[in-house]
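Take a look at the letters that make up each chain.
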Amino acid sequence: HNGDLVDYANPWQITLGKIYGTMDDLRLESHRVQDKYIAMSKALISSADIDGFRVDTPMQVPLEFFKRWVPAVTDHARSLGKERFGIFGEFFVTTER
């Protein structure tokens with residue numbers, strides 16, 4: 001446990017802090033967890049015929065996860081004929097950052 005996220009201006013807390021003190025992390029820095037998440041995402045695209053993902057609170061997710069997940073997901077979508085598969089998210093930033 002890296003402590004709660006209480007200071008949204010602190011980059012360390014934004015990336016590693018625990019949101020609201022009760023939401024547990026999926027440990028997305030682990031390659032094993034990343035592999036499972038990628039497989040689940042691909043299965044969802046194939047079975048539900050979705051055209052994109054909305055990523056909630058992307059700044060709390062390790063960048064290394066996205067560097068693996070995004071290409072894997074978009075490549076899979078492309079293999080199904082989805083050339084314009086969308087992935088988007090939102091984040092809050094202040095003028096001080």
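For the structure, see preceding data.
This write-up is about the structure you can find in this document. (Residues numbered from 1 in each chain as written. Predicted model: local features only at pLDDT ≥ 70, side-chain atom pairs only at ≥ 80, totals over all residues. Heavy atoms only, no water.)

**A few points about the pattern of salt bridges**
Thought 1: Scanning the model with the defined rule gives six salt bridges in all.
Thought 2: The salt bridge partner of D75 is R78, with a shortest N-O separation of 3.0 Å. With D75 and R78 both in helix α3 (residues 63-79) and three residues apart, the pair spans about one turn of that helix.
Thought 3: Residue classification places D75 among the partly exposed residues on the basis of a relative accessible area of 44%.
Thought 4: Look at R78 and you get partly exposed, because its relative accessible area is 38%.
Thought 5: Three or more residues are tied together by salt bridges with common partners; here these are D49, D51 and K82. (Salt bridge = Lys/Arg side-chain N within 4 Å of Asp/Glu carboxyl O. Helix = DSSP H or I, 4+ residues; strand = E, 2+ residues; numbered from the N terminus. Buried < 20%, exposed > 50% of the residue type's maximum accessible area, 1.4 Å probe, protein only.)

**Observations regarding the environment of V70**
Thought 1: Position of V70 among the secondary structure elements: in helix α3.
Thought 2: With a relative accessible area of 29%, V70 lands in the partly exposed category.
Thought 3: Distance in space between the C-alpha atoms of V70 and I87 is 8.0 Å, their sequence separation being 17 residues.

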